[in-house]
Amino acid sequence: MNTIVSTGKAPAAAGPYSQAVKNGGLLFCSGQIALDPASGTLTGNDIKSQTEQVMKNISAVLAAAGTTFADAVKTTCFLTDINDFAAFNEVYAQYFSGKPARSCVAVSALPKGALVEVEVIAVTKEQ
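Peer 1: Looking at this model, I keep getting lost on the pattern of salt bridges. Mind explaining?
Peer 2: Summed over the entire model, instances satisfying the criterion amount to two salt bridges. When the shortest N-O distance is used, the salt bridge between Lys48 and Glu90 registers 2.7 Å. Of this pair, Lys48 sits in helix α1 (residues 47-64) while Glu90 sits in helix α2 (residues 85-95); the two residues are 42 residues apart in sequence, bridging distant segments of the chain. A residue is classified by how much of its surface remains accessible, and Lys48, at 37% relative accessible area, is partly exposed. Note on Glu90: relative accessible area 45%, which makes it partly exposed. As a salt-bridge pair, Asp71 and Lys125 come within 3.3 Å of each other at their nearest N and O atoms. Of this pair, Asp71 sits in the loop between α1 and β4 (72-79) while Lys125 sits in the segment after β6 (116-123); the two residues are 54 residues apart in sequence, bridging distant segments of the chain.

Written out as structure tokens, the structure is:
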């Protein structure tokens, strides 16, 4: 059975989807971009500052589900410029110290002109 996870501490879904869904001991977090949860506007104009906001948003969704970055088992990362890979990794590594499995790809564009988007699958304490 699906359980929808939602928090006001992360940006509201901008379409017909949830911030995250729990099912079968797993949490599936929708991709987060660098939106300020209060204003809904994109924050930062470089990869590091945007990645920091993405991680804050992910942290809020994980916390709402009773999990943390340590519970992450898989991430998918989207960059609009693969040349930002090293700078992105500097920030990413500060949060995902458990080194979950990961895919990281370059895409032609992201919503609202974002430079980065990250989605997460994590293990939950509830089955």
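Peer 1: Explain the side chain of Gln53 to me, please; I cannot follow it from the model alone.
Peer 2: Summarising the element assignment, Gln53 is placed in helix α1. In this structure Gln53 touches Ala34, Leu35, Asp36, Pro37 and Thr43, once residues within four positions along its chain are discounted.

Peer 1: Would you explain the nonpolar core in this entry?
Peer 2: Soluble globular proteins: nonpolar side chains tend toward being buried together. Counting residues in hydrophobic clusters, the biggest one holds 26 residues, and the most contacted among them are Leu27, Ile58, Leu62, Phe88, Val118 and Val120. The dominant element in this core, judged by the number of residues it contributes, is α1, at seven residues. Dropping the residues within four chain positions of it, Val118 is found in contact with Ser30, Gly31, Gln32, Val54, Met55, Ile58, Thr75, Thr76, Cys77 and Phe88. In terms of nonpolar packing, the next biggest core, distinct from the first, is built from five residues, Leu35, Phe78, Leu110 and Ala114 among them.

The rules behind the values
Residues numbered from 1 in each chain as written. Predicted model: local features only at pLDDT ≥ 70, side-chain atom pairs only at ≥ 80, totals over all residues. Heavy atoms only, no water. Salt bridge = Lys/Arg side-chain N within 4 Å of Asp/Glu carboxyl O. Helix = DSSP H or I, 4+ residues; strand = E, 2+ residues; numbered from the N terminus. Buried < 20%, exposed > 50% of the residue type's maximum accessible area, 1.4 Å probe, protein only. Contact = heavy atoms within 4.5 Å. Core = buried A, V, L, I, M, F, W, Y, C linked by side-chain atoms within 4.5 Å.

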